[in-house]
Amino acid sequence: MQASQQRLREDIEANARFGDIDAPAGRGRTVLTGSDADRRAREFLVERLRDAGLSVRIDAVGTIAGRWVPDGADPDAPPVAAGSHLDSVPEGGIFDGPLGVYAALEAVRTLQERDAGASLDRPIDVVSFTEEEGARFSHGLLGSSVATGARDADDALALRDADGTTLDAHLDAIGFRGTDTIDAAAWDAWAELHIEQGTVLESAGAGVGVVDAITGITTCAADIVGEADHAGATPMDERRDALVAASEFVVDVRAAADDVAQNQSSTAVGTVGQFDVAPNARNIVPGEVTLQMDIRDVDYRAMDAIAERAEAALDELEAAHPVETNFDRYRDQRPSRMADDCVAAALDAAATEDIDAKRMHSAAMHDTANVAGVTDAVLLFAPSADGLSHNPREWTDWADCATAASVLAGTLARLAGA
């Protein structure tokens, strides 16, 4: 089941021209939803889907799906679907997202060339979800959230970017405000290929990763309120310094995450990544600090443990410092487990092609996390050079892209009934 390296490379390099940027090293792109670069990327994908004989549908939030009905398949059978996304972070790389979309298309072309249509029972959909990165509307996995029913399409269309423009207006302007429905729950199975964005595969010398679980994410905000005062005239023993207390809190969160990772779940991580300090002036004692933290693991109990200890640390701060605190756990997405039959299909596909596959988990979120909530799913990884991603230096060797696409083709063939 050998995918064409040349054909896959040509598609990804063509896509890389849309939103391309000057970068001191590597090859980068910026493709925000509703931009001219987004329009051109979408139009090229639709053209390539139709060139391969797929019929195209576009839903209300701009998610694109091309369908191939093999000769021997029941056109009304629940399809098997595969894909990813075309949008990027600002100044991102050329593989994050597009590899999964074009590898899905290449998998279909590979099956077509092998005359596999007579042995397949189901149609195959090639999908590109809208706004996976959340770079324009601050809502990642947006297209898949609508396709899985987790978010209402009208609510998504009403989202506004930093300039106040709605998703509805952006999609209408580029001609991709569709009228079709894409229902992920109607798929019999789903597979996504993505670059790893880490070094596990590279270190192991493995050709493909088969993911059996995707991390959950808990996002929390902590407010620490003291009193702003003059930095020169306020004695040290009279200060209500919110930043001093916040600094201790950061250390406490790190200690909690370290302890949980060492004693409960080795894959657990906790990060305080954002500080907003007010009034944020050199000569004023900080009066208020708001912190944002990110907690992840494939074990929800471990996520809970870190969040609970972070909240308890705030109570201890109030006892030790003249400050008031508040804790808000405002996002709580549980870990996603991949379906055993889909994981087995991917591992078998790799073994058949004599490709070394490593079973692993994903520490980053992907659209598959949403889709796994409504149908059987699996996530595949291709190796990332030095683990770099969201960066123009992001790189996956073309041979590795083709290897992973070959495993994807074999996976889809097995899930579609071959």
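The structure this text deals with has already been given above.
Here is a short report on the structure shown in this document. Predicted model, so just to flag it, every value in this text is computed and none were measured.

Attention now goes to the packing of helix H3 (residues 98-113) against helix H12 (residues 398-415). In contact at an axis separation of 8 Å, H3 and H12 are set at 60° when each is read in the N-to-C sense. Taken as axis vectors, H3 and H12 run oblique relative to one another. For the crossing formed where H3 meets H12, the hand is right-handed. Note on element contacts: H12 touches H3 through Cys401, Ala405, Leu408, Ala409, Leu412 and Ala413, opposite Leu99, Ala103, Ala104, Ala107, Thr110 and Leu111. Tallied by class, the residues present in the contact of H3 with H12 amount to 11 nonpolar, 1 polar and no charged.

Of note, the bond from Ala278 into Pro279 is cis; its omega dihedral lies within 30 degrees of zero at 0°. Inspection of the secondary structure puts Pro279 in the loop between strand S11 (269-278) and strand S12 (284-285). In this structure, Glu91 takes a positive phi of about 55° despite not being glycine. Looking at the secondary structure, you find Glu91 in the loop between strand S5 (80-85) and H3. On the basis of relative accessibility, which here comes to 52%, the residue Glu91 falls in the exposed class. Look at Asp386: it is not a glycine, yet its phi comes out positive at around 60°. Relative to the elements of secondary structure, Asp386 occurs in the loop between strand S17 (376-382) and H12. Exposure remark for Asp386: the relative accessible area of 58% places this residue in the exposed category.

Enumeration according to the criterion identifies 24 salt bridges in this entry. In this structure, the salt-bridge partner of Asp38 is Arg42, at a minimum N-O distance of 3.0 Å. Taken together, the positions of Asp38 and Arg42, both in helix H2 (residues 36-51) and 4 residues apart, correspond to about one turn of that helix. For Asp38, a relative accessible area of 3% puts it in the buried group.

The N-to-C vectors of helix H1 (residues 5-16) and H3 enclose an angle of 150°; their axes lie 10 Å apart at closest approach. It follows from the interaxial angle that H1 and H3 lie roughly antiparallel. Where H1 crosses over H3, the handedness of that crossing is right-handed. In contact with Arg7, Leu8, Asp11, Ile12 and Asn15 of H1, H3 contributes Pro98, Leu99, Tyr102, Ala103, Leu105, Glu106, Arg109, Thr110 and Glu113. Taken together, the residues of the contact of H1 with H3 break down into 7 nonpolar, 2 polar and 5 charged.

Before going further, it helps to spend a moment on the pairing of S5. Within S5, 6 of the 6 residues are buried, which leaves it mostly tucked inside the rest of the structure. On S5, burial covers both faces: Val80, Ala82 and Ser84 on one face and Ala81, Gly83 and His85 on the other are all buried. Bridge count for S5 against strand S6 (residues 124-129) is 6 bridges, and the pairing is parallel. Along S6, the bridge assignment pairs Ala81 with Asp125. In terms of strand pairing, S5 meets strand S7 (residues 189-195) through 3 bridges, oriented parallel. Residue pairing across strands places Ala81 opposite Trp190, the latter belonging to S7.

Further remarks concern the packing of aromatic side chains. Taken as a whole, this structure holds 8 aromatic pairs when the rule is applied. With a centroid separation of 5.5 Å and 50° between ring planes, the pair formed by Phe129 and Trp190 is classed as tilted. In this pair, Phe129 sits in strand S6 while Trp190 sits in strand S7, placing the two residues 61 residues apart along the sequence. The two residues Phe129 and Trp190 agree in class, both being buried. One aromatic cluster is present, built from ring pairs that chain together Phe18, Phe44 and Tyr102. Positioned over the ring face of Tyr300 is Arg334, at 3.8 Å from the centre of the ring.

Assignment of secondary structure puts Arg7 in helix H1. Engagement of the side chain of Arg7 in a polar contact is seen with the side chain of Glu106, the distance being 2.7 Å.

Counting buried positions along strand S4 (residues 64-68) yields 4 of 5 residues, so the element is predominantly enclosed. Pairing of strand S3 (residues 55-58) with S4 involves 4 bridges; the strand directions are antiparallel. In the strand pairing of S4, Arg57 is matched with Ala65. Connecting the antiparallel pair S3 and S4 is a turn made up of 5 residues, with Gly62 showing a positive phi of about 90°. Where S4 meets S6, 5 bridges bridge the pair, whose relative direction is antiparallel. If you follow Ile64 over to S6, its bridge partner there is Ser128.

It is worth spelling out the sheet that holds strand S13 (residues 288-297) at this point. Across the sheet, which stays open at both edges, the 4 strands sit in the order S11-S13-S9-S14 with antiparallel pairing between neighbours. The open sheet has two edge strands, S11 and strand S14 (324-333), and neither has a second partner. Looking at each pair of strands side by side, their axes are set apart by 15° on average, direction ignored. With 9 bridges joining them, strand S9 (residues 216-225) and S14 adopt antiparallel strand pairing. Directly across from Asp223, in S14, lies its bridge partner Asn326.

Cut-offs and rules
- Residues numbered from 1 in each chain as written.
- Predicted model: local features only at pLDDT ≥ 70, side-chain atom pairs only at ≥ 80, totals over all residues.
- Heavy atoms only, no water.
- Axes fitted to C-alpha atoms, helices over the stretch in contact; angles between N-to-C directions.
- Helix = DSSP H or I, 4+ residues; strand = E, 2+ residues; numbered from the N terminus.
- Parallel < 35°, antiparallel > 145°, perpendicular 65-115°, else oblique.
- Left-handed = near helix turned anticlockwise from the far one by under 90°.
- Contact = heavy atoms within 4.5 Å.
- Nonpolar A, V, L, I, M, F, W, Y, C, P; charged D, E, K, R; others polar.
- Buried < 20%, exposed > 50% of the residue type's maximum accessible area, 1.4 Å probe, protein only.
- Salt bridge = Lys/Arg side-chain N within 4 Å of Asp/Glu carboxyl O.
- Pairing = 2+ DSSP bridges.
- Phe/Tyr/Trp six-rings, centres within 6.5 Å; stacked < 30°, edge-to-face > 60°.
- Lys NZ or Arg CZ within 6 Å of the ring centre and 35° of its normal.
- Polar contact = N/O pair within 3.5 Å; in protein donor to acceptor, adjacent residues only side chain to side chain.

Just distances and angles here, no functional claims.
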